[in-house]
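# Secondary and tertiary structure notes
Each chain is listed here by its residues.
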Amino acid sequence: MGNLLELVKQRQMRDDLPTMGPGDTVRVHARIIEGNKERVQVFEGVIIAMRRAQNASTVTVRRISHNGIGVERTFMLHSPRIDRYEVVRRGRVRRAKLYYLRDRQGKSARIKERKPSPREIASASQGLPGSVPTPVAVTAAATGAEPNLETPIAPNLTDSTAATETPVPVAATQE
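Residues numbered from 1 in each chain as written. Predicted model: local features only at pLDDT ≥ 70, side-chain atom pairs only at ≥ 80, totals over all residues. Heavy atoms only, no water.

### Points about the pairing of strand S1 (residues 25–34)
Where S1 lies against strand S2 (residues 37–51), 10 bridges are found, and the strand directions are antiparallel. Residue pairing across strands places His-29 opposite Val-42, the latter belonging to S2. Both S1 and strand S5 (residues 82–89) contribute to a ladder of 6 bridges, which runs antiparallel. By the bridge assignment, Val-26 is partnered in S5 with Val-87. (Pairing = 2+ DSSP bridges. Helix = DSSP H or I, 4+ residues; strand = E, 2+ residues; numbered from the N terminus.)

### Comments concerning the environment of Met-13
Along the polypeptide, Met-13 turns up in the loop between helix H1 (2–12) and S1. Separated by 43 residues in sequence, Met-13 and Ala-56 place their C-alpha atoms 9.1 Å apart. Excluding anything up to four places from it in sequence, Met-13 contacts Gln-54, Asn-55 and His-78. (Contact = heavy atoms within 4.5 Å.)

### A look at the nonpolar core
Looking at soluble globular proteins, one finds that nonpolar side chains tend to be buried together. Residues Met-20, Val-59, Val-61, Phe-75 and Tyr-85 are the most contacted members of the largest nonpolar core, which totals 14 residues. Mapped onto this core, the elements with two or more residues apiece are S1, S2, strand S3 (58–64) and S5. For Tyr-85, the residues in contact, after removing those within four places along its chain, are Leu-17, Pro-18, Met-20, Arg-27, Val-28, Val-59, Phe-75, Met-76 and Leu-77. Grouped together as the second largest cluster of nonpolar side chains are 5 residues, Ile-48, Leu-98, Leu-101 and Ile-111 included. (Core = buried A, V, L, I, M, F, W, Y, C linked by side-chain atoms within 4.5 Å. Buried < 20%, exposed > 50% of the residue type's maximum accessible area, 1.4 Å probe, protein only.)

### Re the sheet that holds strand S4 (residues 70–76)
The sheet built from 5 strands is open, its strands ordered S4-S3-S2-S1-S5 with antiparallel pairing. The open sheet has two edge strands with one neighbour each: S4 and S5. With strand direction ignored, the average angle separating the axes of adjacent strands in the sheet is 40°. (Axes fitted to C-alpha atoms, helices over the stretch in contact; angles between N-to-C directions.)

### Concerning a nonpolar patch on the surface
Nonpolar side chains collect at one region of the surface, where Met-1, Leu-4, Leu-7 and Val-8 lie side by side and expose about 470 Å² of accessible area between them. Here Val-8 lies in helix H1. For Val-8, a relative accessible area of 40% gives the class partly exposed. (Patch = residues over 30% accessible without salt bridge, like charges linked within 9 Å, V, L, I, M, F, W, Y side chains within 5 Å. Areas by Shrake-Rupley, 256 points an atom, 1.4 Å probe, with all protein chains shown as cover. Salt bridge = Lys/Arg side-chain N within 4 Å of Asp/Glu carboxyl O.)

### Some remarks on the pattern of salt bridges
Overall, the coordinates contain 12 salt bridges when judged by the stated rule. A salt bridge links Glu-86 to Arg-27; the nearest nitrogen and oxygen atoms lie 3.0 Å apart. Here Arg-27 lies in strand S1 and Glu-86 lies in strand S5, a separation of 59 residues in the sequence. Using a relative accessible area of 28% as the deciding quantity, one classes Arg-27 as partly exposed. Of the charged contacts, one joins Glu-72 and Arg-102 as a salt bridge, the two residues approaching to 2.8 Å between their closest N and O atoms. A residue pair is termed long-range when its members are at least 10 positions apart, and Glu-72 in strand S4 and Arg-102 in the loop between S5 and helix H2 (118–125) qualify at 30 residues.

### As for the environment of Val-42
In this fold, Val-42 is placed in strand S2. Residue Val-42 is classed as partly exposed on the basis of its relative accessible area, which comes to 40%. It is 4.5 Å that separates the C-alpha atoms of Val-42 and His-29, two residues lying 13 residues apart in sequence. The contacts of Val-42, once residues within four sequence positions are left out, are Arg-27, Val-28, His-29 and Arg-63.

### What about the environment of Leu-98?
Residue position: Leu-98 is located in the loop between S5 and H2. When the C-alpha atoms of Leu-98 and Met-50 are compared, they prove to be 9.9 Å apart, with 48 residues separating the residues in sequence. Aside from chain neighbours lying at most four places away, what touches Leu-98 is Pro-22, Gly-23, Ile-47, Ile-48, Val-93 and Ile-111.

### Here we look at the packing of aromatic side chains
Within this structure, the stated rule accounts for 1 aromatic pair. Here the guanidinium or amino end of Arg-73 rests over the ring plane of Phe-43, the centre of that ring lying 5.5 Å away. (Phe/Tyr/Trp six-rings, centres within 6.5 Å; stacked < 30°, edge-to-face > 60°. Lys NZ or Arg CZ within 6 Å of the ring centre and 35° of its normal.)

As structure tokens, then:
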């Protein structure tokens, strides 16, 4: 009987989930049924808690509504009512539960952005699910070209304007 239950749990689990954790800003695309119509509603916010329990895993997402009131929703990770999860940005946090954000507003409620690891950059360039697209991968995907990870994203500091300026000799300024 236990094997049958495990088999049912395994069939209900999703395999298209992105890697996400507390502090990440996500968009949850949830299917909502109103009468005989079905639509997708997007809820974007910061993950303040995750509960891992196989197919009963949940994620609690918090956002501030347009009138300044905090709204939290708890979503089942493997629910068929969820169309997809989309990671907008990665947050750098040092706790598993971010309940302290409930008492904060404004700048004190901000979370620093985490830089993507080399593994995340490589998976984003390959278009793997659960990866955060980097600017290099996004521009390469838009143009249809292979991403060149060797070129820097920031502009070159020795561009044409800096090269045309005449350098001042050090000896001339000391006189």
